[in-house]
Amino acid sequence: MTDAVGCPPPWDRIELIEGDITQFGGDAIVNAANSSLLGGGGVDGAIHRAAGPRLVAECRTLGGCPCGEARITAAYDLPSKYVIHTVGPVYRDGHSGEPESLDACHTRSLELAVENDIRTLAIPAISCGVYGYPLAEAARIALGTTADFLRRCNEIDRVVFVLFDVRTHATFEAVRDELVQTG
Ligand code: APR
């Protein structure tokens, strides 16, 4: 990705909303999957339920996905065109590689978006549910990594963080305000 001249400021292209990511009608949604890619609970379960059985059938052909990596499939019965499946880290103590893996989830998902001409995508709070990542720490990585990526990329118009509850939404907003302040 070469540095783009006249790249719109990253914070103008990052939105935070409270909602259900399966309703997102943009180009792609990101799924917080597990390494089997064969579905689960949380947002993974919601996405597979909404997409229908053809999603897991395509996922079966991918042979899984390591933590910190991402894979792309069609979205089938979902309103978006693609699903980018990424596997976040299970939180242990914050010093076992979790920050680096969570950073990689966002970077790899955004790289896959650019490779597939995806201009609008929605991302959930990866690892903030079953995988137990503390919200504020996860938000700092998710938003900081995404803003850094958009600073050098003008091929993505909009990244919408779709947060499932008030507390997650409020935490992401507070961290975003902090990051915008510190530049
Ligand atoms: N839309 C948006 N966000 C959602 C939705 C939804 N429909 N459903 C749940 N979430 C939120 C959760 O509230 C949480 O903030 O997604 C965030 C991530 O939580 P999980 O879905 O539990 O994902 P994660 O913590 O990354 O754990 C992944 O859980 O579901 C299994 O198969 C999955 O094993 C994997 C693990």
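Refer to the structure presented above.
Every value quoted in this text rests on a predicted model; they were computed, and no experiment measured them.

Novice: Pulling in residues and values, what's your account of the pattern of salt bridges?
Specialist: Going through the model one piece at a time under the given rule, you end up with 11 salt bridges. Residues Asp 77 and Arg 54 are paired through a salt bridge, measuring 2.8 Å at the closest nitrogen-oxygen approach. On the criterion of sequence distance, the pair formed by Asp 77 in the loop between strand 3 (70–74) and strand 4 (82–87) and Arg 54 in helix 2 (residues 53–60) is long-range, its members being 23 residues apart. Close ionic contact of Glu 69 with Arg 108 constitutes a salt bridge, the shortest N to O distance being 3.2 Å. Within this pair, whereas Glu 69 is found in the loop between helix 2 and strand 3, its partner Arg 108 is found in helix 3 (residues 98–115), the two being separated by 39 residues in sequence.

Novice: Describe the sheet that holds strand 3, naming the residues involved and giving the relevant values.
Specialist: Strand-to-strand pairing in sheets goes through backbone hydrogen bonds, with the strands running parallel or antiparallel. Strands sit in the order 1-6-5-2-4-3 across an open sheet of six strands; the sheet is mixed. Across the chains shown, the open sheet's two edge strands, defined by having one partner strand only, are strand 1 (14–18) and strand 3. Within this sheet the neighbouring strands show an average axis-to-axis angle of 25°, counted without direction. With six bridges joining them, strand 2 (residues 28–33) and strand 4 adopt parallel strand pairing. The residue bridging Asn 31 from the neighbouring strand is His 85, located in strand 4. The strands that helix 3 touches are strand 2, strand 3, strand 4, strand 5 (120–123) and strand 6 (158–163); relative to strand 4, the one it contacts most, it runs at about 155°.

Novice: Please set out the site of the ligand residue by residue, giving values where relevant.
Specialist: Residues in close proximity to the ligand total 21 residues, the closest being Asn 34, Gly 41, Val 43, Asp 44 and Gly 129. Contacts to the ligand include Gly 41, whose backbone N or O atom sits 2.6 Å from an oxygen atom. At a separation of 2.8 Å, an oxygen atom of the ligand approaches a polar backbone atom of Gly 129. The protein chains hide 90% of the 700 Å² of surface that the ligand would expose on its own. With four residues, the single largest contributor to the shell around the ligand is helix 1 (residues 42–51).

Novice: Residue-level account of the packing of aromatic side chains, with values.
Specialist: For any pair of aromatic rings, the description consists of the separation of the ring centres together with the inter-plane angle of the planes. Overall, the coordinates contain two aromatic pairs when judged by the stated rule. With a centroid separation of 5.9 Å and 40° between ring planes, the pair formed by Phe 161 and Phe 172 is classed as tilted. Of this pair, Phe 161 sits in strand 6 while Phe 172 sits in helix 5 (residues 166–182), and the two are 11 residues apart along the sequence. As far as the burial class goes, Phe 161 and Phe 172 line up, both buried.

Novice: Please provide a residue-by-residue account of the packing of helix 4 (residues 135–151) against helix 5, values included.
Specialist: At a closest axis distance of 9 Å, the pairing of helix 4 and helix 5 adopts a crossing angle of 55°. Comparing their axes, helix 5 and helix 4 come out oblique. Like other packed secondary-structure pairs, helix 4 and helix 5 cross with a definite hand, here right-handed. Here Leu 135, Ala 136, Ala 139, Arg 140, Ala 142, Leu 143 and Gly 144 of helix 4 lie close against helix 5, whose contacting residues are Arg 167, Thr 168, Thr 171, Phe 172, Val 175, Arg 176, Glu 178 and Leu 179.

Novice: Quick rundown of unusual backbone geometry? Include the residues and the values.
Specialist: Despite not being glycine, Leu 37 has its phi angle at roughly 65°, a positive value. Along the polypeptide, Leu 37 turns up in the loop between strand 2 and helix 1. Assessed through its relative accessible area of 1%, Leu 37 is described here as buried. Residue Asp 117 is not a glycine yet carries a positive backbone phi of 55°. Among the secondary structure elements, Asp 117 is positioned in the loop between helix 3 and strand 5. Judged by relative accessible area, which is 69%, Asp 117 ranks as exposed.

Novice: I'd like a description of the state of the cysteines, backed by residues and values.
Specialist: What the rule picks out here adds up to zero disulfides. This cysteine, Cys 65, is not joined by any disulfide, and Cys 105 carries the nearest cysteine sulfur, 8.0 Å off. Left without a disulfide partner, Cys 105 is nearest to the cysteine sulfur of Cys 67, which lies 5.6 Å away.

What counts, and where the lines are drawn
Residues numbered from 1 in each chain as written. Predicted model: local features only at pLDDT ≥ 70, side-chain atom pairs only at ≥ 80, totals over all residues. Heavy atoms only, no water. Salt bridge = Lys/Arg side-chain N within 4 Å of Asp/Glu carboxyl O. Helix = DSSP H or I, 4+ residues; strand = E, 2+ residues; numbered from the N terminus. Pairing = 2+ DSSP bridges. Axes fitted to C-alpha atoms, helices over the stretch in contact; angles between N-to-C directions. Contact = heavy atoms within 4.5 Å. Near = heavy atom within 4 Å. Polar contact = N/O pair within 3.5 Å; in protein donor to acceptor, adjacent residues only side chain to side chain. Areas by Shrake-Rupley, 256 points an atom, 1.4 Å probe, with all protein chains shown as cover. Phe/Tyr/Trp six-rings, centres within 6.5 Å; stacked < 30°, edge-to-face > 60°. Buried < 20%, exposed > 50% of the residue type's maximum accessible area, 1.4 Å probe, protein only. Parallel < 35°, antiparallel > 145°, perpendicular 65-115°, else oblique. Left-handed = near helix turned anticlockwise from the far one by under 90°. Disulfide = S-S within 2.5 Å.

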